[in-house]
Amino acid sequence: MKTAEVQDRLQTETDLKQLATDIVQQAIQRGATAAEAVISEGSEFSTLVRLGEVETLKEAGARAAGLRVFLGKRTASTYTSDLSREGIEQMVSSALTLARVTSEDPYAGLPAPEQFGAIPGDLQLYYDDVYSLSTVDRIACARRAEKAALDADTRITNSEGGSFDAATGRKILANSLGFVNEFRRSYCSVSAAPIAHSEGSAMQRDYWYSVARTLQKLETPESVGKTAAQRALRRLGARKVATTKVPIVFDQQTAGALLNEIFDAVNGDAIYRHASFLTGKLGERVFGENVTIVDDGTMPGGFGTSPCDSEGVPTRRTVVIEKGLLNSYLLNTYTARKLGLATTGNAARGLAGTPGIGRGNFFLQPGTRKPEAIIGEIKDGLYVTEFLGFGVNLVTGDFSRGVSGLWIKNGELTFPVEEITVAGNLREMFSNIAEIGSDLEFRGSVASPTLRIEGMTVAGE
C-alpha cells in the first residue's frame with residue numbers, strides 16, 4: 001500500500017474512533033446518564049456465475065453509527081448512515097426522545113466498569129489479501145468452481161451457479177464509562193451448486209463451499225466444484241424407506257445444525273423467558289457423559305472470535321456442557337442480571353436495538369474415530385446429509401425434521417434416500433450419542449464432528 005494511502009486510512013480510522021467518542025459525549029451532555037456508541041464500516045463483493053455467464057455482480061461499501069442511551073433505568077437506541085453533524089445530532093435527539101417515553105427496566109444498564117476489557121494481540125481476524133484479486137480474477141474463481149462441477153461427470157447437466165464473495169469490516173465501540181475498542185474482520189468464500197440428472201431419476205441438486213479469513217486458506221475453486229459434483233451425483237436415484245428405528249449418523253453439516261439448536265437452548269434470552277428445555281437445569285446432568293460443548297470467542301482466526309463482545313466485555317472460553325453436565329448458560333449483561341448470574345461475554349448487537357446473545361466458536365468436542373469407522377460398524381442405518389424444513393420445539397426439546405441422505409447397509413453407504421423424517425427429543429438425542437467423530441472442522445461459528453445417535457425414529461413409507 002502506498003504511503004499516502006496508509007496515511008489516509010490511518011486518518012479515517014482516527015476520525016471514526018473519535019466520532020464514536022464524540023457521539024457518547026454529546027448524548028451525556030444532552031442529558032443521558034449513560035451511553036454507548038457503535039460505528040461500523042465495511043466493504044463487500046459478491047458475484048454469481050451461472051453456466052459461465054455473470055448473473056449478479058455486487059460491490060458496495062457502507063458506514064453507519066448506532067447509539068444506545070440510558071436515562072436512569074429507561075433505555076432506547078437509534079442508528080443512522082448519515083455521519084454528518086446534522087445526522088449525528090438527529091440520532092442523539094431521537095434516542096433521548098425515545099428513552100423518555102419508555103418504561104423503566106431495573107435490569108437495564110452498561111456492564112460494571114471493572115468488567116470492560118479486550119483480548120490483546122493479533123487474533124488473526126483480518127487479512128488484506130481478501131481484496132487483492134481484481135474483479136476479473138474474482139469472477140474467474142466463480143467460473144472455475146462451476147466449471148469443475150460441470151466437467152466432473154456427464155450427469156451434471158445444469159447448475160445453479162458458482163460464486164465468489166469477499167468482505168472486510170471494522171467495528172468501533174465506545175461508552176460513557178471510558179471504554180473504547182475497535183477491531184477488523186475479513187472473509188472470502190467460493191461455492192458451487194450443480195444439478196445432476198440421469199435417465200429414470202429425478203434431478204438432484206447439492207452444493208459445496210469453502211470460507212476463510214484469508215485467500216491463503218481458501219480451498220481451490222476446482223476442489224470445491226468437484227466436491228459439489230460428487231455430493232449431487234450421490235443423490236441420484238433417491239428413494240423412500242420404510243418407517244423404522246435404526247442408528248442415525250449425522251454428517252458435519254447436519255450435526256452442526258443440531259448443535260445450533262443447543263446454542264438456542266442455552267441462550268440467556270430463552271432461559272429467563274422459560275422458553276428452553278434447559279431452563280433451571282444448571283449443575284444437572286442433561287446429556288451423555290461423552291458430550292462436552294464449548295463456546296470459545298478467543299480462538300485465533302475463528303469465525304466467532306472477537307477481542308470483546310458487543311458491550312465491551314472480553315470474550316472468553318466457556319465450557320457450556322462438560323461431560324454431560326450443564327455448567328453454564330451463555331449470557332450478556334442484561335440476561336445475567338435477570339438470572340442473578342455473571343455475563344459470559346456473549347453480548348451481540350447490530351447498530352440498533354439492545355444486545356442479544358451471540359456465539360463465540362460454539363462446538364462439540366471431537367472424539368477419536370473417523371466417520372468411516374463409525375459407519376463401518378452399522379448393519380442398517382441412515383446417514384443424514386441434509387435437513388429440510390423446521391420442526392423443533394425449544395420448550396420441550398421435541399425434534400422432527402425432513403431429511404435426505406444415504407442408507408447404510410453392512411457398513412457401506414449404499415443408496416440415496418429422501419422424503420423421510422427423523423424424530424426424537426434433543427435431550428434424549430444428546431444423551432444417546434453412541435459415537436463422536438474426529439472430524440471437527442469449522443466452516444462457520446458453529447461446528448460439530450460426525451455424530452451417531454441411537455433411538456431415533458425414521459418415518460418413511
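See above for the structure.
Please read all numbers here as calculations on a predicted model, not as lab measurements.

A. How the structure looks around the overall build of the protein chain. The helix and strand inventory of the protein chain stands at nine helices and 23 strands. Its C-alpha radius of gyration of 24 Å places the protein chain within 12% of the 23 Å reference for a compact globule of 461 residues. Dimensions of the protein chain, computed from C-alpha atoms along their principal axes, come out at roughly 70 × 55 × 40 Å. Residue burial in the protein chain is summarised as follows: out of 461 residues, 51% are buried. Accessible surface, the protein chain: about 20,100 Å² in total, of which carbon and sulfur atoms supply 49%. Considering the protein chain, the positive charge centre built from 49 side chains and the negative charge centre built from 56 side chains are found 3 Å apart.

B. Expanded view of the pattern of salt bridges. In this structure the tally under the stated criterion is 24 salt bridges. Of the charged contacts, one joins glutamate 441 and arginine 443 as a salt bridge, the two residues approaching to 3.3 Å between their closest N and O atoms. On the accessibility criterion, arginine 443 (15% relative accessible area) is buried. Members of the salt-bridge network, linked through shared partners, are Lys17, Glu41, Arg63, Arg170 and Glu182.

C. Geometry of helix H3 (residues 135-151). Spanning 17 residues, H3 covers 24 Å between terminal C-alpha atoms, matching the ideal 24 Å at 1.5 Å per step. Within H3, burial applies to Arg138, Ile139, Cys141, Ala142, Ala145, Glu146, Ala148 and Ala149. Against strand S1 (34-50), strand S2 (53-71), strand S4 (156-175), strand S5 (180-196) and helix H4 (221-233) lie the buried residues of H3.

D. Representation of the sheet that holds strand S12 (residues 325-326) in the model. An order of S12-S11-S10-S15-S21 is seen for the five strands of this open sheet, with the pairing classed as mixed. With partners counted over all chains shown, the strands left at the sheet margins are S12 and strand S21 (446-447), one partner each. The sheet contact formed by strand S11 (residues 317-322) and S12 spans two bridges and is antiparallel. Among the inter-strand pairings, isoleucine 321 is bridged to a residue of S12, identified as leucine 326. Where helix H5 (residues 252-266) meets the sheet, it contacts strand S10 (293-296), S11, S12, strand S15 (361-364) and S21, and its direction lies at approximately 115° from that of S15.

E. Highlighting the side chain of aspartate 165. Within the secondary structure, aspartate 165 is located in strand S4. One buried charged side chain, aspartate 165, makes no salt bridge at all; its nearest oppositely charged neighbour is lysine 58, positioned 7.0 Å away. Residue contacts for aspartate 165: discarding those within four places in its chain leaves Phe45, Ser46, Tyr187, Cys188 and Ser189.

F. Quick peek at the nonpolar core. Core analysis: the largest hydrophobic core is formed by 48 residues, its most contacted members being Phe250, Phe287, Ile293, Phe362, Leu382, Val422 and Phe430. Tallying contributions element by element places H5 first for this core, with seven residues. Counting residues in hydrophobic clusters, the runner-up holds 23 residues, among them Ala20, Ala37, Leu67 and Val92.

G. Structural detail: the state of the cysteines. Summed over the entire model, instances satisfying the criterion amount to zero disulfides. Here cysteine 141 is not disulfide-linked; the sulfur of cysteine 188 is the nearest cysteine sulfur, at 9.1 Å.

Basis of the calculations
Residues numbered from 1 in each chain as written. Predicted model: local features only at pLDDT ≥ 70, side-chain atom pairs only at ≥ 80, totals over all residues. Heavy atoms only, no water. Helix = DSSP H or I, 4+ residues; strand = E, 2+ residues; numbered from the N terminus. Rg over C-alpha atoms; globule rule 2.2 N^0.38 Å. Buried < 20%, exposed > 50% of the residue type's maximum accessible area, 1.4 Å probe, protein only. Areas by Shrake-Rupley, 256 points an atom, 1.4 Å probe, with all protein chains shown as cover. Lys, Arg positive; Asp, Glu negative; His and termini not counted. Charge placed at Lys NZ, Arg CZ, Asp CG, Glu CD. Salt bridge = Lys/Arg side-chain N within 4 Å of Asp/Glu carboxyl O. Expected span 1.5 Å × (residues − 1). Contact = heavy atoms within 4.5 Å. Pairing = 2+ DSSP bridges. Axes fitted to C-alpha atoms, helices over the stretch in contact; angles between N-to-C directions. Core = buried A, V, L, I, M, F, W, Y, C linked by side-chain atoms within 4.5 Å. Disulfide = S-S within 2.5 Å.

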